[in-house]
Amino acid sequence: MKLHTMIRFLLSVCCIVNVFESADLAFIPLTKAFLDKLKNETLYNRFATPTQYDGVPTNVTLSMFIEGMSSFSAQTMDYHLDVYFQEEWYDHRLAHNASAPILVRDLTVFKMMWHPDVYFANARSAAFQDITDDNFLVWVYPNGRVWYDARISIVSSCNMDLWKYPLDSQECALRILSYAYPMTVLRLLWSEKEDVPAIDRNPDITMPDMSLKHIRTGYCNGTYATGEWSCMTAIFYVEREMMHHVMQTYVPTALIVVISWFNFWLEIDSAPARVSLSITTLLTISTQANAVKLALPEVSYMKAIDVWMGSCMAFVFGVMIEFTICHYAKNLEMLRGDGQPSLIVDTALSTLFGAARDIDDLNEEEGVRGDGEQHIALNMLNPEEPRLRSLNQNNDVTANGTRYFVGAERMKRKRSKASLSRLRQQVASMRHATIDVSRRAFNWTRALRNLRGRRVAQRIDERCRIVFPMIFLLFNVAYWSFYLVFN
């Protein structure tokens, strides 16, 4: 009796040890009995769903762990995902009597089992990781529960709305469907476990130009010609990091606009310097705008960066227009009240090469006019000259006149020549005085008009020193408020 009791005690201890060993064992390797079941087409049909003959759809629960996310490209409108993709379903045909789940690590064995044919509808490319071995596993629990896990790299498309670029945020959805089974046969569901979310992520995910804010799940069931298909979506909400664009685009272009305002402090006569500065800043803005366009697709709507670049270019172009108006106002003031259109040419030449041409032309014209006036003045101030010429001719004809008359006439001729010499000196001095006065009056008139024209241009520059910065400041307030606050 005691021997029998001892044997029963030893058997109980062995059973308890076996139970604890089975509990500590996470899985058991693939068994021959399990393989024989898969190979027996009478017992297991791998082409039929687990509930094929029950009249109800097979539920497949999905979950994901996002290991990495990168390469959000606005040019190609796609992004890269590195995920651990899990599927879970029940197949009672695979139930077994083992004390732990059976681990399947062979692709050949996995293909002998029925498994969902899910795919990523908007993925441009996808691949299983196979370094250093195929990154997948299948656990088959004793009650027929099947849990599948695989690591997949996905390049998925994302239809980005770039009207706020680079101040934008995007929602990119990854669509998951069954390829062959409609909703009446297979139904996809997100995992609803309380302790584990349906989509979890690596907290260390960082991207150079984007930040992942949150992930949410959704459904996208759709009806097609072949029926209604079950569809799941994983929606990633990302925001673009704008500090890079602020430092590389916004700040440089704003400084270029400020540099263009230096024109307002340059002299109005410094045409080469003002034109060179305006053209240089305009070309720099244009180069910046072209560099930004190379990183973006050609879209039919205006983006936030286009508004900024176009406005900065308009401000720089407005500086060039302001200089043109100032120069025209100065020349118009000098031309006012003078009917000589050549003054506008003289002003331009004097601005670029120095003023001397107009005064030389005045001296030449007044010199020619002075010679004619001298001849007229001599004829008016010496009326004896024609009479003396006629008396000289009469002396040749009337040679028999008295010597007394001829002598008297000669004395009068000498006195006339002396008075004529004095008159010539007086007329010459009067002519030179008149030319000096005319030249001084002309120079004073031109100087006065030049001062008035410069004053008009300076007033325009002084107003623009305040107007342009104020308008640019108001534009910045409206721009940043519209794109960051109200949208």
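Just above, that's the structure.
The shown structure was predicted, so the numbers you read here are calculated from the model rather than taken from an experiment.

Undergrad: Would you take a moment to explain helix α4 (residues 243-260) for this structure?
TA: Since one α-helical turn is 3.6 residues long, residues separated by three or four positions face the same way. Between its first and last C-alpha, α4 extends 25 Å over 18 residues, near the 26 Å set by a 1.5 Å rise per residue. Of all the bends in α4, the greatest, near 30 degrees, is centred on Y250, and the proline P252 appears no more than four residues after it. All buried positions along α4 are accounted for by H245, T249, Y250, T253, A254, I256, V257 and S260.

Undergrad: Would you take a moment to explain the pattern of salt bridges for this structure?
TA: Close approach of charged atoms allows side chains with opposite charge to pair. Going through the model one piece at a time under the given rule, you end up with 14 salt bridges. One salt bridge connects D36 with K32, and the closest N-O pair in it is separated by 3.1 Å. With D36 and K32 both in helix α2 (residues 32-39) and 4 residues apart, this pair spans about one turn of that helix. Each of E88, R145 and K193 takes part in salt bridges that share partners, so that together they form one network.

Undergrad: Even after reading the chapter, I still don't get the packing of aromatic side chains, so can you show me in this structure?
TA: Each aromatic ring pair is summarised here by two numbers: the centre-to-centre distance and the angle between the ring planes. Following the criterion strictly, the structure yields 30 aromatic pairs and no others. For the ring pair F482 and Y483, a centre distance of 4.9 Å and an interplane angle of 85 degrees mean the geometry is edge-to-face. Judged by its relative accessible area of 8%, Y483 falls in the buried class. Counting every residue linked through ring pairs, the aromatic cluster contains W163, Y250, W261, W308, F315, F472, F475, Y479, W480, F482 and Y483. Above the plane of the ring of F136 lies R105, whose end atom (NZ or CZ) is 5.6 Å from the centre. The residue whose ring lies beneath R145 is Y141, and the NZ or CZ to ring-centre distance is 4.5 Å.

Undergrad: Would you take a moment to explain the state of the cysteines for this structure?
TA: Two cysteines, two sulfur atoms, one covalent bond between them: this is a disulfide. All chains considered together, the criterion is met by 2 disulfides. Between C158 and C172 runs a disulfide, and the two sulfur atoms are separated by 2.0 Å. Handedness here is read from the sign of the S-S torsion; for C158 and C172, about -75 degrees, the answer is left-handed. With C158 in the loop between β7 (145-157) and β8 (169-178) and C172 in strand β8, the pair connects residues that are 14 residues apart, well separated along the chain. Residue pairing for C220: its cysteine sulfur links by disulfide to C231, the two sulfurs lying 1.6 Å apart. Classification of the bridge connecting C220 and C231 rests on its S-S torsion, roughly -55 degrees, and on that basis the disulfide is left-handed. Taken together, the residues C220 in the loop between β11 (210-219) and β12 (222-224) and C231 in strand β14 (residues 231-240) connect sequence positions 11 residues apart. With a relative accessible area of 1%, C231 lands in the buried category. Ordinal numbering of bonded cysteines along the protein defines a disulfide pattern of 1-2, 3-4. Distance from the sulfur of C326, which forms no disulfide, to the nearest cysteine sulfur (C464) is 6.2 Å. Of the residues examined, C326 reaches a relative accessible area of 0% and is grouped as buried.

Undergrad: Explain the side chain of S211 to me, please; I cannot follow it from the model alone.
TA: Position of S211 among the secondary structure elements: in strand β11. Engagement of the side chain of S211 in a polar contact is seen with the side chain of E241, the distance being 3.4 Å. Aside from chain neighbours lying at most four places away, what touches S211 is Y237, V238, E239 and E241.

Undergrad: What is the right way to read the sheet that holds β8 from this model?
TA: Picture the strands of a sheet paired through backbone hydrogen bonds; they go either parallel or antiparallel. Strand order in the open sheet made by the 4 strands is β4-β8-β14-β11, with antiparallel pairing throughout. Unpaired on one side and paired on the other, β4 (118-120) and β11 mark the two borders of the sheet. Looking at each pair of strands side by side, their axes are set apart by 20 degrees on average, direction ignored. Across 9 bridges, β11 lies against β14 in antiparallel orientation. Looking across to β14, one finds that L212 is bridged to V238.

Undergrad: In this structure, what is going on with the environment of L167? I would like to understand it.
TA: With respect to the helices and strands, the residue L167 is situated in the loop between β7 and β8. A residue is classified by how much of its surface remains accessible, and L167, at 8% relative accessible area, is buried. Those residues in contact with L167 that lie beyond four places of it in its chain are M242, Y250, Y479, W480, Y483 and L484.

Undergrad: Before we go on, may I ask you to explain helix α5 (residues 271-294) in this structure?
TA: In a regular helix each residue adds 1.5 Å, so 24 residues correspond to 34 Å; α5 covers 35 Å between its end C-alpha atoms and thus fits that length. Along α5, the residues classified as buried are A271, R274, S278, T281, I285, A289 and V292.

The rules we used
Residues numbered from 1 in each chain as written. Predicted model: local features only at pLDDT ≥ 70, side-chain atom pairs only at ≥ 80, totals over all residues. Heavy atoms only, no water. Helix = DSSP H or I, 4+ residues; strand = E, 2+ residues; numbered from the N terminus. Expected span 1.5 Å × (residues − 1). Bend = angle between axes of the 7 residues up to and from the residue. Buried < 20%, exposed > 50% of the residue type's maximum accessible area, 1.4 Å probe, protein only. Salt bridge = Lys/Arg side-chain N within 4 Å of Asp/Glu carboxyl O. Phe/Tyr/Trp six-rings, centres within 6.5 Å; stacked < 30°, edge-to-face > 60°. Lys NZ or Arg CZ within 6 Å of the ring centre and 35° of its normal. Disulfide = S-S within 2.5 Å. Polar contact = N/O pair within 3.5 Å; in protein donor to acceptor, adjacent residues only side chain to side chain. Contact = heavy atoms within 4.5 Å. Pairing = 2+ DSSP bridges. Axes fitted to C-alpha atoms, helices over the stretch in contact; angles between N-to-C directions.

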